[in-house]
Amino acid sequence: MPSTKNRITPKKRMYFHSELRQCPHCGTKLKRHHTAWHKYVNTLNGIFDIWNMAYACPNLECPYPGSYFRSAEADALVMKHTSYGFDVLALVGELRFKQHYTLSELHEELNRRGVVTSERNCERLYERYLTLLRASVTDHLREVLAGVVQAHGGLLLSMDGVQPEKGNETLYVVREGFSGSILAAQNLKSGSAEELKRLLEPVEKLGFPIIGLLSDGQHSIRLAMSSLWPEVPYQYCQYHYLKDIAKPVMDLDRKLKTGIKKNLRGIRSLEKKIQSDDSEEAAIAKDYLAAVRAVLLEDGNPPLDLPGIRVYEEALAIQGSLQRSAKKGGSPTVRNS
Ligand SMILES: [Zn+2]
């Protein structure tokens, strides 16, 4: 019997939080409130256990106390009522729509890529893909959005692009965050700011107030959004943003740490020199050397707490202490003594 529930153990559990940190209405720091949703998501990179945490404004005087802010990025990962990632959906569209795969070929290809599914489900995914591309601002959607504005003071817009394969087109999707509605979706080759702006224009024409713009760090998306809504604050999606910046920053950090370690290499000979010295000065010097040793062991917790930066800051603190001592004249003494 074909099973629609996937029993395979997920690769990783991931928690997503509201990208907005402060209430857009009153500026109060938002507080974690409840789990908006939680599910296993089949992506082209494996199965993930995704949690989307909703935040609320704790200010009792806030004009919109009933607004919950979820992670737009988590919402962008998976389509409502399915357990398949948007990357899978985009790939299904690419293979069937553009490359004219039959359903059975499509089924085979998805399984080859580790996405466990049935032929019937491939068909369903393809139907969803076609529905997605037809997304536009209908009268019904206009009513939904008007309701959102009344309940939350404005729309929360997000936009992002999924490219299932390098070199192919990217599927861009525009969403409204409170309602989870999809306002527009289109495959674009270049994804230039001009193209993206055209995709957003029908939304702008509605004239509804926008209280926040969210997307990953992609420059053209940010340009398109801020050209249409220059006054609205723009927020990065945290995880995307981290993923993009983490690699080069971590490489630089590793170099920094290696460099500092090289400069501190001389401590072994110093340690030997004072090993059997019982004077007070030698005892103080030994404390400093122990501090330097401890610094060299720092690991940090990348990408947010970088080991190289940590080693640098602590080495700087030790250097400062030594310099203060030297200024006082004579041998290094501990601060405040
Ligand atoms: Zn508030």
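Below, the structure is looked at part by part. (Residues numbered from 1 in each chain as written. Predicted model: local features only at pLDDT ≥ 70, side-chain atom pairs only at ≥ 80, totals over all residues. Heavy atoms only, no water.)

Section: a nonpolar patch on the surface
Residues Leu256, Ile309, Tyr312 and Leu316 make up a contiguous nonpolar surface patch of about 320 Å² in total accessible area. Broken down by element, the residue count for the nonpolar patch peaks at 3 residues, all from helix 11 (residues 307–328). When its relative accessible area of 31% is taken as the criterion, Leu256 is described as partly exposed. (Patch = residues over 30% accessible without salt bridge, like charges linked within 9 Å, V, L, I, M, F, W, Y side chains within 5 Å. Areas by Shrake-Rupley, 256 points an atom, 1.4 Å probe, with all protein chains shown as cover. Salt bridge = Lys/Arg side-chain N within 4 Å of Asp/Glu carboxyl O. Helix = DSSP H or I, 4+ residues; strand = E, 2+ residues; numbered from the N terminus. Buried < 20%, exposed > 50% of the residue type's maximum accessible area, 1.4 Å probe, protein only.)

Things to note about the coordination of the zinc ion
Coordination of the zinc ion by the protein involves Cys23 (SG), Cys26 (SG), Cys57 (SG) and Cys62 (SG), with metal-donor separations of 2.2 to 2.3 Å. The coordination sphere of the zinc ion comprises 4 donor atoms, whose angles at the metal cover 98 to 118°; the geometry is tetrahedral. Sequence positions of the donors to the zinc ion reduce to the motif C-x2-C-x30-C-x4-C. A residue pair is termed long-range when its members are at least 10 positions apart, and Cys23 in the loop between strand 1 (12–16) and strand 2 (31–43) and Cys62 in the loop between strand 3 (46–56) and strand 4 (68–69) qualify at 39 residues. (Donors = N, O, S within 2.8 Å, 3.2 Å for Na, K, Ca; no water. Tetrahedral: all angles 85-135°; square planar, octahedral: opposite > 155°, others 65-115°.)

Let's talk about helix 4 (residues 119–133)
Its 15 residues give helix 4 an end-to-end C-alpha distance of 21 Å, which sits within 8% of 21 Å, the value for a rise of 1.5 Å per residue. Turning to helix 4, its buried residues are Asn121, Cys122, Leu125, Tyr126, Tyr129 and Leu132. The buried side chains of helix 4 occupy one side of the element, clustering within an arc of 145° when seen end-on. (Expected span 1.5 Å × (residues − 1). Arc of directions from axis to C-beta.)

Observations regarding empty space enclosed by the protein
Sizing a probe to match a water molecule and rolling it over the atoms shows the empty space that remains. Summed over all chains, the structure comprises 3 cavities of 30 Å³ or more. The space that makes up the largest cavity amounts to roughly 100 Å³. Lining the largest cavity are 14 residues; nearest its centre among them are Ala72, Asp75, Glu176, Gly177 and Phe178. Of all the secondary-structure elements, those providing two or more residues to the lining of the largest cavity are strand 4, helix 1 (72–77), strand 5 (155–162) and strand 6 (170–176). By residue class, the composition of the lining of the largest cavity is 6 nonpolar, 4 polar and 4 charged. One number sums up the size of the second largest cavity: a volume of about 50 Å³. Top element by residues in the lining of the second largest cavity is helix 2 (residues 86–98). It accounts for 4 residues. (1 Å grid on protein atoms, 1.4 Å probe; cavity = no way out; pocket = protein on both sides within 12 Å on 5 of 7 lines; lining within 4 Å. Points joined across faces, edges and corners; volume = space filled by probe spheres on them. Nonpolar A, V, L, I, M, F, W, Y, C, P; charged D, E, K, R; others polar.)

Here we look at the pattern of salt bridges
Any two side chains of opposite charge can pair if their charged atoms end up close together. Within the structure shown, the criterion is met by 9 salt bridges. A salt bridge links Arg70 to Asp75; the nearest nitrogen and oxygen atoms lie 2.9 Å apart. A relative accessible area of 14% places Asp75 in the buried class. Note that Glu123 and Arg120 form a salt bridge whose closest N and O atoms lie 3.6 Å from each other.

Brief notes about the sheet that holds strand 9 (residues 234–236)
Judged by pairing direction, the sheet is mixed, and its 5 strands sit side by side in the order 7-6-5-8-9 without closing on themselves. The outermost strands of the open sheet, each flanked by one partner alone, are strand 7 (182–188) and strand 9. Put simply, the sheet's adjacent strands are angled 20° from each other on average, direction ignored. Here 5 bridges tie strand 5 to strand 8 (residues 210–215), and the two strands are oriented parallel to one another. Each bridged residue has a counterpart across the sheet, and for Leu156 the counterpart in strand 8 is Gly212. (Pairing = 2+ DSSP bridges. Axes fitted to C-alpha atoms, helices over the stretch in contact; angles between N-to-C directions.)

So, the packing of helix 3 (residues 103–112) against helix 4
Two elements in contact, helix 3 and helix 4, have axes whose closest approach is 9 Å; the angle formed by their N-to-C orientations is 100°. Regarding the angle of helix 3 to helix 4, the classification is roughly perpendicular. Residues Leu103, Ser104, Leu106, His107 and Leu110 of helix 3 form the contact with helix 4, whose participating residues are Glu119, Cys122 and Glu123. Split by residue class, the contact of helix 3 with helix 4 holds 4 nonpolar, 2 polar and 2 charged. (Parallel < 35°, antiparallel > 145°, perpendicular 65-115°, else oblique. Contact = heavy atoms within 4.5 Å.)

Observations regarding the pairing of strand 7
Counting buried residues in strand 7 gives 6 out of 7 residues, a clear majority hidden from the surface. When strand 6 meets strand 7, the two strands line up antiparallel, connected through 6 bridges. Within strand 7, the position partnered with Leu171 by the bridge is Asn187. The loop that links strand 6 with its antiparallel partner strand 7 comprises 5 residues; one of these, Gly180, has a positive phi angle of about 75°.

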